[in-house]
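Observations on chain architecture
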Amino acid sequence: AQTVTQSQPEMSVQEAETVTLSCTYDTSESDYYLFWYKQPPSRQMILVIRQEAYKQQNATENRFSVNFQKAAKSFSLKISDSQLGDAAMYFCASYRPDMRFGAGTRLTVKP
Amino acid sequence: GAGVSQTPSNKVTEKGKYVELRCDPISGHTALYWYRQSLGQGPEFLIYFQGTGAADDSGLPNDRFFAVRPEGSVSTLKIQRTERGDSAVYLCASSLIDSYNEQFFGPGTRLTVL
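A short tour of the structure in this document, coming up. Not measured: the values here are computed from a predicted model.

Helix and strand content of chain A: 0 helices and 12 strands. Mapped from its N terminus to its C terminus, chain A presents α and β elements in the order β-β-β-β-β-β-β-β-β-β-β-β. Relative to the compact-globule value of 13 Å for 111 residues, chain A shows a C-alpha radius of gyration of 13 Å, a close match. Reported as C-alpha extents along the three principal axes, the dimensions of chain A are approximately 40 × 25 × 20 Å. Expressed as a percentage of the 111 residues in chain A, the buried residues total 50%. Long-range contacts, defined here as pairs at least 24 residues apart, represent 53% of the contacts in chain A between residues at least 6 apart.

Written out as structure tokens, the structure reads:
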């Protein structure tokens, strides 16, 4: 079974600055998907960004981008121009053969 | 509503009791997932439905846990003889086809077993 590891339990960033959240995964599948989800205190998980493993180009969604290193099995999330509303738990996840989540990184944004 | 809804939002029960947790997915979503999230952890996969059938129930921890989706929409997660270790937030998600598509999550049910 695949595993997902987030080695940073907590991260902090100054408003308007850039922060990178780390994620590594392990899978024997050749075709899989990777995700970053955000979970605010309301508990509702919100998809931030998705990467198909067969695509070499890194996914980007507005201020959010990923650095996908397939050989290293690394999938980090970069948040640019951090905003107060970005404060939340962030979970990295992989799909295939089933959906596995990391333990999460709590992001604090300082005004 | 447009999103995934879960009821109740909170459930407190006593050890040994039976509980049912309900999930109402987004209309038209054929895939439905249940996860369990313990304090300080990421969601843990429990079961995945495609239509009415359980396509993958490998995450159910034991036979006290059971889930149904009789008409391919609403799903109920049933827990028998609850134990204190079952206390967690139970999340439901739905997607259009399968996990290749974005999963939309509900707000979860916080289950507390005393």
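The next point concerns the environment of L91 of chain B. Here L91 of chain B lies in strand 9 (residues 88–95). For the pair L91 of chain B and S5 of chain B, spaced 86 residues apart in sequence, the C-alpha to C-alpha distance is 9.9 Å.

A few words on the interface of chain B and chain A. Between chain B and chain A, the residue contacts involve 24 residues of the former and 19 residues of the latter. Approximately 1,700 Å² of surface area, both sides summed, lies buried where chain B meets chain A, with 51% of it carried by carbon and sulfur atoms. Counting only elements with at least two residues in the side of chain B that touches chain A, the list comes to strand 4 (31–37), strand 9 and strand 11 (109–113) of chain B.

Scoring rules and cut-offs
Residues numbered from 1 in each chain as written. Chains lettered and ligands numbered in written order. Predicted model: local features only at pLDDT ≥ 70, side-chain atom pairs only at ≥ 80, totals over all residues. Heavy atoms only, no water. Helix = DSSP H or I, 4+ residues; strand = E, 2+ residues; numbered from the N terminus. Rg over C-alpha atoms; globule rule 2.2 N^0.38 Å. Buried < 20%, exposed > 50% of the residue type's maximum accessible area, 1.4 Å probe, protein only. Contact = heavy atoms within 4.5 Å. Buried area = accessible area lost by both parts, 1.4 Å probe.

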